[in-house]
Amino acid sequence: MQLDGYDIDVIVQGYPGKSVCHGGLGWSTIVLLRGHGRVALVDVGGFNIRVSLAERLKHRGLKPSDVTDLLLTHAHHDHCLNWPLFSHARIVLGKQEMEWAATVPWGIGPVPELYVEKLQGWKTLHAAADGEEVMPGITAHIAPGHTPGHLLYRLKGSRHDVIFTGDAAKNRAEMLSGRADGTYDQAVSQASIASIWTLWRERPGNVLIPGHDIPMVLKDGRPEYLAKREAAIKAWFGDDLDQMTTIELTVR
Ligand SMILES: [Zn+2]
């Protein structure tokens, strides 16, 4: 997608699911933004995607050292953990999110304690304020509920906007129901989802990119996906390493 000098490339699709027996899946969205002299990533994923992320950048002719900015939505491991791959880059995280994440007791929930502790004192950290323009044409907005200082990012284009919601609205079901799964306060999350609806409806063609789903646009008031979902796992159920069963995780 091209918009106002930016190339917007979803290099990792978010997935709107949970595992049944093995805790959170953490398959989150990573978007590459190129333009205005910058190479930015909106969120950077967790360990599961680390190798693939470098490969996908390489496929686009980029090295991690080419990335100039990270726009992190929040301090959960599946969104922020890979910041050390880009430790030279300017790392944007909400000021309130940084302060909150640093106080979460060790061993509680999805905040990666040691990564957050190191990030708090990191020289390229930029703790952003609500409403701040963090890159040309891109503003950060506080959207709490999933975490207290969660940010969404809004690219205000001449034709339409692109809204990166992170986990303030993780998927289509949260947008349509107006309710959130995985929130410290359901009412706070619902208010954030309502404010995302306001941004989304503001102009026809506005694109929503959630933290655990694929990009969507409104058609006659209903979300319509802009990409084909791709998700599957392979398992060794047989007697040989070459023999694998592929399990598709999409609905046809
Ligand atoms: Zn999260």
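Read on for a plain summary of the structure.

The rules behind these values
- Residues numbered from 1 in each chain as written.
- Predicted model: local features only at pLDDT ≥ 70, side-chain atom pairs only at ≥ 80, totals over all residues.
- Heavy atoms only, no water.
- Pairing = 2+ DSSP bridges.
- Helix = DSSP H or I, 4+ residues; strand = E, 2+ residues; numbered from the N terminus.
- Contact = heavy atoms within 4.5 Å.
- Axes fitted to C-alpha atoms, helices over the stretch in contact; angles between N-to-C directions.
- Phe/Tyr/Trp six-rings, centres within 6.5 Å; stacked < 30°, edge-to-face > 60°.
- Lys NZ or Arg CZ within 6 Å of the ring centre and 35° of its normal.
- Donors = N, O, S within 2.8 Å, 3.2 Å for Na, K, Ca; no water.
- Tetrahedral: all angles 85-135°; square planar, octahedral: opposite > 155°, others 65-115°.
- Buried < 20%, exposed > 50% of the residue type's maximum accessible area, 1.4 Å probe, protein only.
- Salt bridge = Lys/Arg side-chain N within 4 Å of Asp/Glu carboxyl O.
- Polar contact = N/O pair within 3.5 Å; in protein donor to acceptor, adjacent residues only side chain to side chain.
- Patch = residues over 30% accessible without salt bridge, like charges linked within 9 Å, V, L, I, M, F, W, Y side chains within 5 Å.
- Areas by Shrake-Rupley, 256 points an atom, 1.4 Å probe, with all protein chains shown as cover.
- Parallel < 35°, antiparallel > 145°, perpendicular 65-115°, else oblique.
- Left-handed = near helix turned anticlockwise from the far one by under 90°.
- Nonpolar A, V, L, I, M, F, W, Y, C, P; charged D, E, K, R; others polar.
- Core = buried A, V, L, I, M, F, W, Y, C linked by side-chain atoms within 4.5 Å.

Thoughts on the sheet that holds strand β1 (residues 2-3)
Then step 1. Overall, mixed pairing links the 7 strands, which are arranged β1-β2-β3-β4-β5-β6-β7 in an open sheet. Pairing within the sheet leaves two strands with one partner each, and these edge strands are β1 and β7 (125-128).
Then step 2. Bridge count between strand β3 (residues 30-35) and strand β4 (residues 38-42): 5 bridges; the pairing is antiparallel. Across the sheet, Gly35 pairs through a bridge with Arg38, a residue of β4.
Then step 3. Taken strand by strand, helix α3 (residues 95-103) contacts β6 (90-94) and β7, and its axis lies near 80° from that of β6.

Description of the packing of aromatic side chains
Then step 1. Overall, the coordinates contain 4 aromatic pairs when judged by the stated rule.
Then step 2. Above the ring of Trp122, the side-chain terminus of Lys123 is found at 4.4 Å from the ring centroid.
Then step 3. Looking at Arg229, its charged tip hangs above the ring of Tyr225, at a distance of 5.1 Å from the centre.

Some thoughts on the coordination of the zinc ion
Then step 1. Taken together, His74 (NE2), His76 (ND1), His146 (NE2) and Asp167 (OD) make up the protein donors of the zinc ion, found 2.1 to 2.4 Å from the metal.
Then step 2. Given 4 donor atoms and angles of 87 to 174° at the metal, the environment of the zinc ion is assigned as irregular.
Then step 3. The motif formed by the donor residues of the zinc ion, counted along the single chain, is H-x1-H-x69-H-x20-D. Of this pair, His74 sits in the loop between β5 (69-71) and α2 (77-80) while Asp167 sits in the loop between β11 (161-166) and α5 (172-177); the two residues are 93 residues apart in sequence, bridging distant segments of the chain. The pair His74 / Asp167 is uniform in exposure class, with both members buried.

Some words on the pattern of salt bridges
Then step 1. One pass over the structure, following the stated rule, counts 16 salt bridges.
Then step 2. Where Asp66 meets Lys63, a salt bridge forms, and the shortest distance between an N and an O atom there is 3.8 Å.
Then step 3. Residue class for Asp66 comes out partly exposed when judged on its relative accessible area of 27%.
Then step 4. Its salt-bridge partner being Arg90, residue Asp69 comes within 2.8 Å of it at the nearest N-O pair.

Observations regarding the environment of Arg60
Then step 1. Mapped onto the elements of the fold, Arg60 is located in the loop between α1 (50-59) and β5.
Then step 2. Between the C-alpha atom of Arg60 and that of Ile11, which follows or precedes it by 49 residues, the distance is 9.8 Å.
Then step 3. Contacts of Arg60, omitting those with residues within four sequence positions, involve Asp9, Ile11, Leu32 and Arg34.
Then step 4. Among the polar contacts listed, one links the side chain of Arg60 to the backbone oxygen of Arg56, at a separation of 3.0 Å.

Brief notes about a nonpolar patch on the surface
Then step 1. Side chains of Ile233, Phe237 and Ile247 sit close together on the surface and give an oily, nonpolar patch of about 280 Å² of accessible area.
Then step 2. Within the element layout of this structure, Ile233 appears in strand β15 (residues 232-235).
Then step 3. For Ile233, a relative accessible area of 36% translates into the label partly exposed.

What to know about the packing of α3 against helix α4 (residues 113-120)
Then step 1. The geometry of α3 relative to α4 is characterised by a closest axis approach of 9 Å and an angle of 130° between their N-to-C directions. When the interaxial angle is binned, α3 and α4 end up oblique. Handedness of the α3/α4 crossing: left-handed. For the pair formed by α3 and α4, the contact residues are Met98, Ala101 and Ala102 on the first element and Val116, Leu119 and Gln120 on the second.
Then step 2. Taken together, the residues that form the contact of α3 with α4 break down as 5 nonpolar, 1 polar and no charged.

Observations regarding the nonpolar core
Then step 1. Judged by nonpolar contacts, the single largest core of 28 residues is most densely connected at Ile11, Leu41, Leu57, Leu70, Leu72, Phe86 and Leu119.
Then step 2. Looking at this core, the elements that each hand over two or more residues are β2 (6-12), β3, β4, α1, β6, α3 and α4.
Then step 3. With sequence-adjacent residues up to four places away left out, Leu119 is seen in contact with Leu72, Trp83, Ile91, Leu93, Met98 and Leu125.
Then step 4. Grouped together as the second largest cluster of nonpolar side chains are 21 residues, Val92, Ala140, Phe164 and Ile209 included.

Quick notes on the sheet that holds strand β9 (residues 138-142)
Then step 1. In spatial order, the strands read β8-β9-β10-β11-β12-β13-β14; together these 7 strands make up an open sheet with mixed pairing. In this open sheet, the two edge strands, each paired with only one partner strand, are β8 (133-135) and β14 (222-225). Strand-to-strand twist of the sheet, defined as the mean angle between neighbouring strand axes without regard to direction, takes the value 30°.
Then step 2. Where β8 and β9 come together, 2 bridges link them in antiparallel fashion. Pairing of Met135 across the sheet is with Ile138, part of β9.
Then step 3. Packed onto the sheet, helix α6 (residues 186-201) meets β10 (151-156), β11, β12 (207-210), β13 (216-219) and β14 and runs at close to 70° relative to β13.

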